Amino acid sequence: MKSGAGGKGGPERTYAIDRDAAIHFIRAAASTPTVTRFLMISYLASRRSKPAWWSDEAWRAAEEVNTKVLPHYYAAKLAADEVLYAVSKERSGFVGINLRPGSLTLDPAGKVELGKTKHSRGNVSRESVAKVADLLLASEGVKSAWVDLLDGEEDMEQAVQRVVAEGVDAAEGEAIF
């Protein structure tokens, strides 16, 4: 089942699914005491400003995607991303994880770059995204965060353990409204 418009079907559909429906589900989950974790899939370049760990070239590439290739998708995803971040900070005991992969492929799962990726573009398999999502949700001590994901060189389980243990949050430096 496809849970997002992914920029397909026109701006109205993109906003209805990737912004409005996502925000509705986030708020519903956060207002339900028995829901303690919520993981949303966004995308790597969904951010307002250049992360300190990206080069100027990486940021320009992200801006190109956000302003020229997928402007409605960018606006919709960023709105939902920021609501999840804000809601997760408001409710004690509610963990909001925003998993932010690069371009999705049908390749088999493999090693990953997780947390704060060096690049604003790159590939990651859909299978890796699913497995990392599962590992994050099952991790003891996981906290609310934006977690970026690309294909890389680190074992998936070790990458998740490291990100959780270090409290990595790729929202660092963002002006979240």
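Residues numbered from 1 in each chain as written. Predicted model: local features only at pLDDT ≥ 70, side-chain atom pairs only at ≥ 80, totals over all residues. Heavy atoms only, no water.

Examining the packing of aromatic side chains
(1) Moving on: According to the stated counting rule, one finds three aromatic pairs in the structure shown.
(2) Moving on: Seen from their ring centres, Trp54 and Trp59 are 6.3 Å apart, and the 40 degrees between their planes marks the pair as tilted. Accessibility assignment for this pair places Trp54 and Trp59 in one class, buried.
(3) Moving on: Arg47 extends its terminal NZ or CZ atom over the ring of Trp54, reaching a point 4.8 Å from the ring centre.
(4) Moving on: Lying across the ring of Trp146, Arg100 places its NZ or CZ 4.0 Å from the centre. (Phe/Tyr/Trp six-rings, centres within 6.5 Å; stacked < 30°, edge-to-face > 60°. Buried < 20%, exposed > 50% of the residue type's maximum accessible area, 1.4 Å probe, protein only. Lys NZ or Arg CZ within 6 Å of the ring centre and 35° of its normal.)

Points about the UniProt feature "domain: NAD(P)-binding" (unreviewed entry) in the protein chain
(1) Moving on: Following the UniProt record, one finds the feature "domain: NAD(P)-binding" (unreviewed entry) at residues 10–133.
(2) Moving on: Helix makes up 50% of residues 10–133 and strand 18%, whereas the separation of the span's terminal C-alpha atoms amounts to 28 Å. (UniProt positions renumbered as here; feature names shortened; annotations may be inferred. Helix = DSSP H or I, 4+ residues; strand = E, 2+ residues; numbered from the N terminus.)

Description of the nonpolar core
(1) Moving on: Among the nonpolar cores identified, the biggest contains 21 residues, and Leu99, Leu114, Val132, Leu136 and Leu149 are the most heavily contacted of them.
(2) Moving on: If you list the elements that add at least two residues to this core, you get β2 (95–101), β4 (112–115), α4 (126–138), β6 (145–151) and α5 (156–166).
(3) Moving on: A total of five residues in this core trace back to one element, the largest contributor, which is α5.
(4) Moving on: Every residue in contact with Leu136, bar those within four places of it in the chain, is listed here: Arg37, Leu39, Ile97, Leu99, Val142, Val160 and Val164. (Core = buried A, V, L, I, M, F, W, Y, C linked by side-chain atoms within 4.5 Å. Contact = heavy atoms within 4.5 Å.)

Brief notes about the environment of Ala61
(1) Moving on: Positionally, Ala61 belongs in helix α2 (residues 56–69).
(2) Moving on: Sequence separation between Ala61 and Ser120 is 59 residues, and the spatial gap between their C-alpha atoms is 6.9 Å.
(3) Moving on: When residues no more than four places from it in sequence are discounted, the contact partners of Ala61 are Ser120 and Arg121.

Considerations on the pattern of salt bridges
(1) Moving on: Tallied over the entire structure, the rule returns twelve salt bridges.
(2) Moving on: Glu127 is the salt-bridge partner of Lys131, the closest N and O atoms lying 3.3 Å from each other. Taken together, the positions of Lys131 and Glu127, both in helix α4 and four residues apart, correspond to about one turn of that helix.
(3) Moving on: When its relative accessible area of 36% is taken as the criterion, Glu127 is described as partly exposed. (Salt bridge = Lys/Arg side-chain N within 4 Å of Asp/Glu carboxyl O.)

Considering the packing of helix α1 (residues 11–30) against helix α3 (residues 71–90)
(1) Moving on: Two elements in contact, α1 and α3, have axes separated by 8 Å at closest approach and are oriented at 5 degrees. By the angle between their axes, α1 is roughly parallel relative to α3. Of α3, the residues touching α1 (which contributes Pro11, Thr14, Tyr15, Asp18, Arg19, Ala22, Ile23, Ile26, Arg27 and Ala30) are His72, Tyr73, Ala75, Ala76, Lys77, Ala79, Ala80, Val83, Leu84 and Val87.
(2) Moving on: Residues belonging to the contact of α1 with α3 are distributed by class as follows: 14 nonpolar, two polar and four charged. (Axes fitted to C-alpha atoms, helices over the stretch in contact; angles between N-to-C directions. Parallel < 35°, antiparallel > 145°, perpendicular 65-115°, else oblique. Nonpolar A, V, L, I, M, F, W, Y, C, P; charged D, E, K, R; others polar.)

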